[in-house]
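# Topology and contacts: notes
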Amino acid sequence: MKNISVVGAGTMGNGIAHLFAQYDHPVTLIDVSEAALEKALTTISANLDRMVKKETISTADKDRTLSNIRTVSSLEEGLATAHLVVEAATENSALKLQIFRDLDVFAPEKAILATNTSSISITQIAAATKRPAQVIGMHFMNPVPLMKLVEVIRGFDTSEDTTRIIMELSQTLGKVPVEVNDYPGFVANRILMPMINEAIYTLYEGVAGVTEIDTVMKLGMAHPMGPLQLADFIGLDVCLSILKVLQDGFGQPKYAPCPLLVNMVTAGKLGVKNGEGFYKYTPGSKELIPARNFTR
C-alpha cells in the first residue's frame, strides 16, 4: 500500500492527501477541476505552515510532504500505479457509484478501492465494481491530519485480507481504526446525526436559542463544540444528506430531518463552507455570531 491515489480535492480529499504524504506515501491527488487542485495544494501548504509554527513538524518535513504530492485531472493517469485508491467526492450516491465504476476500469487489478463516505452503503458501492472483496470504507474525521479516528467499514463482501490491510495501514498513519459493519450511518453518524437533528428541532420549536443550546452541550456534556456549531462545521447539506440516508435505510420517522434544516439547505445556508449557517463566519475571525432568530 505504498502508492496512494485520492479522488476529489475538496476538504476531505486534500486532508487525506496531506496525511498520506506526511507519512511518506507518494500521493496522486485527482480532480476534474484544475482550480480545485490548486486550491487543495494551497490549503495543504497553509496547514503545514501552521504545524511548523506550532513546532509539531519542521520546515524540512513540510517540504518533504509537499514533494510527495502530485496533481492530475485525468482519472486514468492518476490511477495507473495505485496500490490504494481513496475516493473523497461529494456525499452523493449516484456520483460515488459512477466513480467506482470508473475506478474499477482504470485502477490496477490488485488495488484496494476505499471510500471516505460518511453514510452511503459500502455494499452498494462495491456492487458497482467487479472486485467487491477489495472495496472498503475509510471514514476519516475532519480535519483529517489531526483527528485520530478512522471508521473502517466492511461491506457484505469485503475480504478479511482487505480489512486487515486497511486496519494496519491506518495505524501506520497514527490513527486509531475502528472496524464496523455496513449499516446506514455506520457508528459515528448513526449516533451523531440524530443528536444534531434534535438540537435543530430544539431550536426550531423555540426551546432555546443557538448559543444557549450549544452552551448547554459544551458545559453540561463536555462536548468540545456545540451540536449547531458542529453541524455548521460538517456542512448543513452533508447533515441533511446523511439524515436522508438514515431515514431511507431504517424507514423510521425518528431520522426525519427537521424542517428548519431542510429550509436552510434549500436557502443555501450551508455553514462554514459558505459563511452562514446557524452562525455567521467572518474570514479571520473566531467570533461566533448567531445568524438570525430561527424559531418558527
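Quick caveat, the model's predicted, so the values are computed rather than measured.

### Considerations on the overall build of the protein
Helix and strand counts for the protein stand at twelve helices and ten strands. Computed over its C-alpha atoms, the radius of gyration of the protein comes to 19 Å, within 12% of the 19 Å expected for a compact globule of 296 residues. A principal-axis box enclosing the C-alpha atoms of the protein has dimensions of 55 × 45 × 30 Å. With 296 residues in all, the protein has 46% of them scored as buried. In the protein, 65% of the contacts between residues at least 6 apart in sequence involve partners at least 24 apart. Summing over all exposed atoms, the protein offers an accessible surface of approximately 14200 Å²; the carbon and sulfur share of this is 55%. The average position of the 27 basic charges and that of the 31 acidic charges among the side chains of the protein differ by 3 Å.

### A short note on the UniProt feature "domain: 3-hydroxyacyl-CoA dehydrogenase C-terminal" (unreviewed entry) in the protein
Within this structure's numbering, the places UniProt gives as "domain: 3-hydroxyacyl-CoA dehydrogenase C-terminal" (unreviewed entry) are residues 185–281. Helix makes up 62% of residues 185–281 and strand 2%, whereas the separation of the span's terminal C-alpha atoms amounts to 28 Å.

### Here's the deal with the pattern of salt bridges
Tallying each qualifying case throughout the model produces 13 salt bridges. Between Arg154 and Glu160 there is a salt bridge whose closest N-O contact spans 3.3 Å. Overall, Glu160 belongs to the exposed group, its relative accessible area being 57%.

### Looking at the packing of aromatic side chains
Throughout the structure, instances matching the rule amount to four aromatic pairs. Here the aromatic rings of Tyr279 and Tyr281 are separated by 6.5 Å at their centres, their planes lie at 65 degrees, and the arrangement is edge-to-face. The class for Tyr279 is buried, based on a relative accessible area of 4%.

### So, the domain arrangement of the protein
Looking at the assigned domains, one finds that the protein contains domain 1 (4–181) and domain 2 (189–290). Put simply, the middle of domain 1 and the middle of domain 2, counted by C-alpha atoms, are 26 Å apart. If you look at the interface, domain 1 gives six residues, while domain 2 gives five residues. Taken over both partners, the interface formed by domain 1 and domain 2 buries close to 480 Å², and the fraction arising from carbon and sulfur atoms is 54%. Its largest share of buried area at the contact with domain 2, domain 1 owes to Glu91, Ser118 and Ser119, together 64% of the area lost on that side. At the boundary of domain 1 with domain 2, the tally comes to zero salt bridges. Joining domain 1 to domain 2, the criterion identifies two residue pairs in polar contact (both at pLDDT 80 or more). In terms of residue class, the side of domain 1 that touches domain 2 is made up of one nonpolar, four polar and one charged.

### Remarks on the packing of helix 9 (residues 210–221) against helix 10 (residues 227–234)
Interhelical geometry of helix 9 versus helix 10 gives an angle of 100 degrees and a closest axis separation of 7 Å. When the axis of helix 9 is compared with that of helix 10, the two are roughly perpendicular. Only Pro227, Leu228 and Gln229 of helix 10 make contact with helix 9, whose side of the interface consists of Val210, Ile213, Asp214, Met217 and Lys218. Among the residues forming the contact of helix 9 with helix 10, the class breakdown is five nonpolar, one polar and two charged.

### Some remarks on the nonpolar core
Membership of the largest hydrophobic core comes to 33 residues, with the highest contact counts inside it found for Phe20, Leu84 and Phe140. The greatest single-element share of this core, amounting to six residues, is contributed by helix 1 (residues 11–22). Leave out the neighbours within four places in its chain, and Leu84 touches Met1, Asn3, Ile4, Ser5, Phe20, Ile112, Ala114, Met138, Ile166 and Leu169. Judged by nonpolar contacts, the second largest core, of 27 residues, contains Tyr204, Ile213, Cys239 and Ala291.

### Here's the deal with the state of the cysteines
All told, the structure shown has zero disulfides when counted by the stated rule. For Cys258, which is in no disulfide, the shortest distance to another cysteine sulfur is to Cys239 and amounts to 12 Å.

### As for the side chain of Asn189
Tracing the sequence through the fold places Asn189 in helix 8 (residues 188–204). By relative accessible area, Asn189 is classed as buried at 6%.

### Things to note about helix 10
Those residues of helix 10 that sit buried are Pro227, Leu228, Gln229, Ala231 and Asp232. Backbone geometry just downstream of helix 10 places Gly235 in the positive-phi region, at approximately 110 degrees.

### Some words on the side chain of Thr163
Inspection of the secondary structure puts Thr163 in helix 7 (residues 160–172). Assessed through its relative accessible area of 3%, Thr163 is described here as buried. A polar contact of 3.0 Å, which involves the side chain of Thr163, links it to the backbone oxygen of Ser159. Sequence-distant contacts of Thr163, defined by excluding residues within four places in its chain, comprise Ile136, Arg154, Thr158 and Glu179.

What counts, and at which threshold
Residues numbered from 1 in each chain as written. Predicted model: local features only at pLDDT ≥ 70, side-chain atom pairs only at ≥ 80, totals over all residues. Heavy atoms only, no water. Helix = DSSP H or I, 4+ residues; strand = E, 2+ residues; numbered from the N terminus. Rg over C-alpha atoms; globule rule 2.2 N^0.38 Å. Buried < 20%, exposed > 50% of the residue type's maximum accessible area, 1.4 Å probe, protein only. Contact = heavy atoms within 4.5 Å. Areas by Shrake-Rupley, 256 points an atom, 1.4 Å probe, with all protein chains shown as cover. Lys, Arg positive; Asp, Glu negative; His and termini not counted. Charge placed at Lys NZ, Arg CZ, Asp CG, Glu CD. UniProt positions renumbered as here; feature names shortened; annotations may be inferred. Salt bridge = Lys/Arg side-chain N within 4 Å of Asp/Glu carboxyl O. Phe/Tyr/Trp six-rings, centres within 6.5 Å; stacked < 30°, edge-to-face > 60°. Domains from an automatic or database assignment. Buried area = accessible area lost by both parts, 1.4 Å probe. Polar contact = N/O pair within 3.5 Å; in protein donor to acceptor, adjacent residues only side chain to side chain. Nonpolar A, V, L, I, M, F, W, Y, C, P; charged D, E, K, R; others polar. Axes fitted to C-alpha atoms, helices over the stretch in contact; angles between N-to-C directions. Parallel < 35°, antiparallel > 145°, perpendicular 65-115°, else oblique. Core = buried A, V, L, I, M, F, W, Y, C linked by side-chain atoms within 4.5 Å. Disulfide = S-S within 2.5 Å.

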